[in-house]
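Each chain, letter by letter, is given below.
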Amino acid sequence: DKGNHRHFMLKEIYEQPVVVAQTLKSYVRSLEEQVSLPDMDFDLAGIERVAIIACGTASYVGMIGKYWIEQFARLPVEVDVASEFRYRDPVLLPGTLGVVVSQSGETADTLAALRHMKEAGITTAGIINVPTSSMAREVDLLLPTHAGPEIGVASTKAFTCQLAVMAALAVNLARAKGKLSPAEEAEIVHHLVETPAALNEALSHDAEIEAMAHTIAAARDVLYLGRGSDFPLALEGALKLKEISYIHAEGYASGEMKHGPIALIDEHVPLIVLAPSGPRFEKTVSNMQEAQARGAQVVLISDAEGIRQAGEDAMATIEMPKVHPLISPLVYAVPVQLLAYHVAVAKGTDVDQPRNLAKSVTVE
Ligand code: M6R
């Protein structure tokens with residue numbers, strides 16, 4: 001049932017404040033100011049490295065997880081798309097935690113990668129939305145997302161719920177490795193608890209995003225830029241747009257622009273820049289300005305401070321609330337999803353059932 005919404009995708013985008021809160025509730029103990037995981041029969045303190053395997057949107061959760069786990073737990077993290085991982089004979093040293101991320105829990109390549117890790121004798125965990133799925137049954141540690149059924153082929157609410165659980169995993173690894181004080185953990189808890197409100201605030205910009213969708217819908221190519229954990233989000237933005245609007249789109253790490261992609265820039269290529277204010281901001285903005293000097297039409301997605309500093313020459317700006325870097329990927333996912341959605345609607349494509357795609361890819 002789509003409720004009042006025209007498509008499942010839009011309904012699912014709007015469900016995010018509720019389902020992310022639901023998911024966080026099972027990991028965050030607000031009173032104790034702690035982030036916990038379900039009981040497990042191994043010791044997280046014994047983990048020396050992490051390998052995260054997934055496909056598509058779920059693989060971008062893995063990439064964001066790499067930034068978080070390396071930053072907070074100081075453990076090396078490798079991220080792979082499952083179709084590559086399973087055939088390249090990866091080196092899996094003892095002490096590796098193998099993590100799969102999957103909405104369906106049935107994606108053929110991810111399931112095969114999970115079985116490969118189990119055969120190699122390493123401990124596995126799974127961030128999975130369907131609790132009865134094959135992966136949910138086979139992982140050593142199930143870390144459920146509580147997104148509810150996701151019907152739209154384009155993954156939206158599963159993504160933000162996966163990020164919430166990935167954050168909980170990063171915090172638990174950090175504590176187990178002695179890299180996080182109770183005060184630091186309490187601070188993270190406070191920020192996580194603010195996420196649903198920040199998602200609501202992000203959703204309140206829907207009409208502005210819809211208003212500029214027509215301009216983007218006229219483009220042949222669209223580029224997305226981000227740095228740090230906003231880089232995987234740029235990839236997610238591009239995937240979402242191509243998947244449902246059939247417009248060619250690419251996501252790049254901002255610093256890579258001048259190594260090739262900037263050659264694509266002219267006034268016909270919109271550039272979507274994901275840049276919350278903070279330590280990475282100025283560098284991303286300077287990449288953005290290099291593109292603007294070559295005619296790029298920029299949509300800057302940032303907070304009030306970032307927009308004040310760098311929004312002047314943009315074709316459009318979308319203002320996000322100012323949030324902690326840990327929750328910013330969840331919040332910035334919203335405008336990225338809404339933009340893809342409204343562009344697809346403007347183009348008249350079948351948003352919930354895009355051509356050539358299946359919700360669950362159970363063949364390799
Ligand atoms: O069910 P899974 O999370 O394992 O699915 C992985 C990908 O097939 C999926 O995220 C796909 O990329 C989406 N259609 C993207 O919106």
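Residues numbered from 1 in each chain as written. Predicted model: local features only at pLDDT ≥ 70, side-chain atom pairs only at ≥ 80, totals over all residues. Heavy atoms only, no water.

Description of the confidence of the model for the protein
- Summarising the model, the protein shows a mean pLDDT of 96, and 100% of its residues fall at 70 or more.
- Across the assembled chains, the prediction reports ipTM 0.99 with pTM 0.97. (pLDDT = per-residue confidence, 0-100.)

Brief notes about the nonpolar core
- Formed by 96 residues in total, the largest nonpolar core has its most connected members in W68 and I69.
- Not counting residues up to four positions away in its chain, the partners in contact with W68 are A73, L163, M166, A167, A170, P325, L326, P329 and L330.
- In this structure, L225, A275, A310 and A314 belong to the second largest nonpolar core, which totals 19 residues. (Core = buried A, V, L, I, M, F, W, Y, C linked by side-chain atoms within 4.5 Å. Buried < 20%, exposed > 50% of the residue type's maximum accessible area, 1.4 Å probe, protein only. Contact = heavy atoms within 4.5 Å.)

Details of the pattern of salt bridges
- For the coordinates displayed, the defined rule picks out 18 salt bridges.
- D230 is the salt-bridge partner of R280, the closest N and O atoms lying 3.3 Å from each other. Of this pair, R280 sits in the loop between β10 (270–274) and α12 (281–292) while D230 is found in helix α11 (residues 230–245), placing the two residues 50 residues apart along the sequence.
- For R280, a relative accessible area of 31% puts it in the partly exposed group.
- Judged by its relative accessible area of 2%, D230 is buried.
- Members of the salt-bridge network, linked through shared partners, are K11, E15 and K157. (Salt bridge = Lys/Arg side-chain N within 4 Å of Asp/Glu carboxyl O. Helix = DSSP H or I, 4+ residues; strand = E, 2+ residues; numbered from the N terminus.)

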